[in-house]
Amino acid sequence: MREVIKEMADRLAQVPGVSGVMLGGSRARGEHRPESDWDLGVYYRGDALDLGALRALAGPGVDVAGPGGWGPWVDGGAWLKVDGVAVDWILRDLDRVERVWEDCREGRYEVGVQPGHPLGFWSPCYPGEVALGQVLADPTGGLAALRTSVSAYPEPLRDALIAGAWEAEFLAAGAAKGAARADGLYVSLCLSKAFGILVQALFAADRRWCLNEKGALAAAEALPSAPAGFGERVRTLLGVQGTTASSLTATVAEARTLVEETRAALAL
């Protein structure tokens, strides 16, 4: 299958406007299972991408979404089946990826609304994908150069993501007010986002790229800055919310304690 993927990447790289192709996701990181998809990042520049050529390459019956078709951050792409195996094309604007990388180097990041990302799309994902991916086709040399550049996690970004964990405390305080009203949905949303922010900060503290929410908690709980029992405590707090004001208040009190412990650990 890997030979098939490499051949596909080479053909994608010949599409006008495509700068290069990377293997991403669990397959690139060596964390895949037998049923895991093959994720191909298709990097293009500007308005030169030939969608017609992409659609011809994808074949009949495959819907290829152009830039913006899947939302503001996950540009577009296609879902294919090759010999019964799922292969995803994911478009990435290389100019934008490079701009985001420059921001990250200076400690600036964004969290955008994006379908499929319940905790938002964190802009450091862009350089993180390049850092953790494998270059399959790179006729212009742009991907290889960028991959070399992102090989070291930027300290200003690390500091910014750790500092940004203040919002977890703010959200936990909001959850306490919601608990007093027995507002279970609001409490759940506040705590989910608070813990997601802490996970981002824990990854940053260890100078690791966090690409999305999938599997992030399991990885974060094993990091050196994570408080004892971090993962299990998060799972318990999110899984057993209760419906009364008293039960919700008790859950939020435990959550606020965990937030305080995590921020204290990050400050060490």
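Residues numbered from 1 in each chain as written. Predicted model: local features only at pLDDT ≥ 70, side-chain atom pairs only at ≥ 80, totals over all residues. Heavy atoms only, no water.

Examining the environment of D39
- When you line up the elements, D39 lands in strand β2 (residues 38-44).
- Put simply, D39 and I5 are 34 residues apart on the chain and 9.6 Å apart in space, counted from C-alpha to C-alpha.
- Ignoring sequence-local partners within four residues, the contact set of D39 consists of M22, L23, G24, G25, D88 and I90. (Helix = DSSP H or I, 4+ residues; strand = E, 2+ residues; numbered from the N terminus. Contact = heavy atoms within 4.5 Å.)

Re the layout of surface pockets
- In this structure, the largest pocket spans a volume of roughly 1300 Å³.
- Along the walls of the largest pocket sit 43 residues, with G25, R29, D39, N212 and K214 positioned nearest its centre.
- Mapped by element, the contributors of at least two residues to the lining of the largest pocket are β1 (18-24), α2 (25-29), β2, β4 (85-93), α5 (125-132) and α10 (216-220).
- Residues of the lining of the largest pocket, tallied by class, amount to 20 nonpolar, 12 polar and 11 charged.
- When its volume is computed, the second largest pocket comes out at roughly 280 Å³.
- L119, G196, V199, E213 and A216 are, among the 20 residues lining the second largest pocket, the residues nearest its centre.
- For the lining of the second largest pocket, the secondary structure elements donating two or more residues are β6 (121-122), α9 (184-205), α10 and α11 (230-239).
- For the lining of the second largest pocket, the leading source of residues is α9, giving 6 residues. (1 Å grid on protein atoms, 1.4 Å probe; cavity = no way out; pocket = protein on both sides within 12 Å on 5 of 7 lines; lining within 4 Å. Points joined across faces, edges and corners; volume = space filled by probe spheres on them. Nonpolar A, V, L, I, M, F, W, Y, C, P; charged D, E, K, R; others polar.)

Some details on empty space enclosed by the protein
- Across all of its chains, the model carries 1 cavity of 30 Å³ or more by this definition.
- Considering only enclosed or pocket space, the largest cavity measures out at about 40 Å³ in volume.
- What lines the largest cavity is simply P124, Y153, L161, Q200, F203, A204, R208, W209 and C210.
- Sorting elements by how many residues they give to the lining of the largest cavity places α9 first, with 3 residues.
- Residues that form the lining of the largest cavity fall into these classes: 7 nonpolar, 1 polar and 1 charged.

Here we look at the environment of L185
- Tracing the backbone shows L185 in helix α9.
- On a C-alpha basis, the gap between L185 and A175 in space is 9.8 Å, while along the polypeptide they are 10 residues apart.

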